[in-house]
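# A look at the structure
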Amino acid sequence: LVTGGAGYIGIHTSLILLEAGYEVIVLDNFSNSFPESLVRVGKLAGNKPILVEGDLNDEEVLKSIFTEHAGIEAVIHFAALKAVGESTEHPLKYYRNNVSGSICLLQAMEDAGVFYLVCSSSCTVYGEPSHVPLDESHPTGGASSPYGRTKFQMEEIIRDHSSANPNFRA
């Protein structure tokens, strides 16, 4: 399952997965992408992804995806709003989509027994760099925008979920 799979990174990931022989299910609400991109991916790969138009905060949509496609082994999570400026103007929109949507996804994964997640984060979780280039030793949590804070919170939620569930890998 690729959430946000019609976005820029999502279409490239979906294409690579399809070309490698995986069955790809894309969940996207098209708030920042277009269905046409997935048509192009299907033509390039010679096999189109299964498209589910829906939102991460819609628990019924998530439940139906994991029920109808019981063979899902992993989730690649790209579905997040990403404009720093917009996040300062509409922070609740970002918290609902990025944080709440991620929680709904994790719950649906747990309910379905899916234990593998790759989540796209952002360098904004590091705040102002103390050294360049940034590496994994740089402290996180100093984000200066609602967007960055939602990404940091997503990481923390995933970390806590992984700690509480020994089978879960992220």
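These notes cover the structure that comes with them.

## Let's talk about the sheet that holds strand β1 (residues 2-3)
Spatially, the five strands line up as an open sheet ordered β3-β2-β1-β4-β5, and their pairing is parallel. The open sheet is flanked by β3 (50-53) and β5 (117-119), the only strands paired with a single partner. Direction of pairing for β1 relative to strand β2 (residues 25-28): parallel, over a ladder of two bridges. Considered in β2, the bridge of Thr3 is made with Leu27. Helix-sheet contacts for helix α3 (residues 59-68) involve β2, β3 and β4 (75-77), and the interaxial angle to β2 is about 175 degrees.

## Considering the side chain of Thr13
Positionally, Thr13 belongs in helix α1 (residues 8-19). The exposure class assigned to Thr13 is buried, which follows from its relative accessible area of 18%. Look past the residues within four positions of Thr13 in its chain and what remains in contact with it is Ile76 and Phe78.

Parameters and conventions
Residues numbered from 1 in each chain as written. Predicted model: local features only at pLDDT ≥ 70, side-chain atom pairs only at ≥ 80, totals over all residues. Heavy atoms only, no water. Pairing = 2+ DSSP bridges. Helix = DSSP H or I, 4+ residues; strand = E, 2+ residues; numbered from the N terminus. Contact = heavy atoms within 4.5 Å. Axes fitted to C-alpha atoms, helices over the stretch in contact; angles between N-to-C directions. Buried < 20%, exposed > 50% of the residue type's maximum accessible area, 1.4 Å probe, protein only.

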